[in-house]
Amino acid sequence: ALEPLSVGLAIGVASALTGFLSHPRFYCSYVECCPSAGRRLNATALKLQLDTKLFGQHLAKEVVLKAVMGFSNNPSPKKPLMLSLHGWAGTGKNFLSQILAEHVHPAGLRSKFVHLFLATLHFPHHDQVKTYKEQLQNWIRGNVSACPHSVFIFDEMDKMHPGLIDAIKPFLDYYEQVDGVSYRKAIFIFLSNAGGDLINKAALDFWASGKRREEIQLKDLEPMLSVGVFNNKNSGLWHSSLIDRNLIDYFVPFLPLEHKHVKMCVRAEMIARGYAVDENIVQAVADEMTFFPKEQKIYSDKGCKTVQAKLDIHEDT
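So, here is what we can say about the structure in this document. Just so you know, these numbers come straight off a predicted model, no measurement behind them.

1. A look at the sheet that holds strand β3 (residues 151-155)
Phase 1 of the analysis: Across the sheet, which stays open at both edges, the five strands sit in the order β2-β3-β4-β1-β5 with parallel pairing between neighbours. Looking along the sheet, the strands with just one partner apiece sit at the ends: β2 (114-118) and β5 (250-253). On average, each strand axis in the sheet is tilted by 15° relative to the strand beside it, whichever way the strands run.
Phase 2 of the analysis: In this sheet, β3 lies alongside β2 in parallel orientation, the contact comprising five bridges. Bridged to His-115 within β3 is Phe-152.
Phase 3 of the analysis: Relative to the sheet, helix α5 (residues 93-104) contacts β1 (81-86), β2, β3 and β4 (187-192), its axis offset from that of β4 by approximately 165°.

The structure is reproduced here in structure tokens:
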């Protein structure tokens, strides 16, 4: 028979070990945990990453950095953060949303607390919009219940069926709780090509008037952008109550990229692949891109979207 002292010691050791293993710091070093309520984002690290990896988007960087840090530092926000990113393909919308997700949850898009919805994949059939609305509400409710700091990214908003996105309105509004769940710490991000033509025209007008693109301010584009997507049947936000109720905090414009920005993308991709930067290859890749308007050829019509594929051709070199 075991002596009482031995039994007591074994129980004590087991209890201490169990307590250590279940301690949040130890447990969360091996299993992804939802961030604690008092956690703040690292503004310096986020700014550095945006400055070094996102090219030609002074407006988007400035607006998103201020919006996200203000939201993160607010101990009691009145509603979730809602950002709507607009611009042509290849200008950096997806890239910025991924960077932001990684700063909220280090695993980024692989995190169980970051949720990416693709309109053409998750909501393909127009005749099932009612079902999609219910599924979307249940998914968001369940995941915010599990982690108040959940991030939801809706890509291809311009392909979203009209009215579908209004299903999430209750979660974005100024309610302390909805059915016992608070959504005030969550972040919602829309990505859309809608409004890209309006942004490009405004950028061209600035260029034609002899102004630098860095002089373009949010107030020059945001009102036009919000009205444009509200009245655009192919925006996903056509006559949306989210705009009517002013629940979208910022309409963030992504400007068309110039020749120099494409070169920056090529250099960054070469470095990411472990290559030494060869300016001859940088120039060759940039020259293979197409630009608009036809006469002036100022802006890349695909942004940096095809840089990786173009660089593959020069890989042997």
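2. Overview of the pattern of salt bridges
Phase 1 of the analysis: Counted according to the given criterion, the structure contains 14 salt bridges.
Phase 2 of the analysis: Across the pair Glu-279 and Arg-267 runs a salt bridge, and its minimum N-O distance is 2.9 Å. Taken together, the residues Glu-279 in helix α13 (residues 279-288) and Arg-267 in helix α12 (residues 259-272) connect sequence positions twelve residues apart.
Phase 3 of the analysis: Judged by its relative accessible area of 41%, Glu-279 is partly exposed.
Phase 4 of the analysis: Linking Arg-273 and Glu-269 is a salt bridge whose minimum nitrogen-to-oxygen distance equals 2.8 Å.
Phase 5 of the analysis: Since its relative accessible area comes to 24%, Arg-273 is described here as partly exposed.
Phase 6 of the analysis: Salt bridges linked by common partners bring Lys-47, Asp-51 and Lys-61 together as one network.

3. Let's talk about helix α3 (residues 43-53)
Phase 1 of the analysis: Restricting attention to buried positions, one finds in α3 the residues Leu-46, Gln-49 and Leu-50. Down the axis of α3, the buried set is contained in an arc of 95°. They therefore lie on one face. The exposed set on the far side of α3, more than 90 degrees from its buried face, consists of Thr-44 and Leu-48.
Phase 2 of the analysis: On its buried face, α3 sits against α4 (58-73) and α5.
Phase 3 of the analysis: Two or three places before Thr-44, at the opening of α3, Asn-42 has a side-chain oxygen 3.1 Å from that residue's backbone nitrogen.

4. Focus on the nonpolar core
Phase 1 of the analysis: Counting 70 residues, the largest nonpolar core has Ile-140, Phe-154, Ile-165, Ile-168, Phe-188, Phe-190 and Leu-237 as the members making the most contacts within it.
Phase 2 of the analysis: No other element matches the nine residues that α4 contributes to this core.
Phase 3 of the analysis: Those residues in contact with Phe-188 that lie beyond four places of it in its chain are Pro-80, Leu-81, Met-82, Leu-83, Ile-140, Phe-152, Phe-154, Ile-168, Phe-171 and Leu-172.
Phase 4 of the analysis: Counting 15 residues, the second largest nonpolar core, distinct from the first, contains Leu-257, Val-285, Val-307 and Leu-311.

Analysis parameters
- Residues numbered from 1 in each chain as written.
- Predicted model: local features only at pLDDT ≥ 70, side-chain atom pairs only at ≥ 80, totals over all residues.
- Heavy atoms only, no water.
- Pairing = 2+ DSSP bridges.
- Helix = DSSP H or I, 4+ residues; strand = E, 2+ residues; numbered from the N terminus.
- Axes fitted to C-alpha atoms, helices over the stretch in contact; angles between N-to-C directions.
- Contact = heavy atoms within 4.5 Å.
- Salt bridge = Lys/Arg side-chain N within 4 Å of Asp/Glu carboxyl O.
- Buried < 20%, exposed > 50% of the residue type's maximum accessible area, 1.4 Å probe, protein only.
- Arc of directions from axis to C-beta.
- Polar contact = N/O pair within 3.5 Å; in protein donor to acceptor, adjacent residues only side chain to side chain.
- Core = buried A, V, L, I, M, F, W, Y, C linked by side-chain atoms within 4.5 Å.

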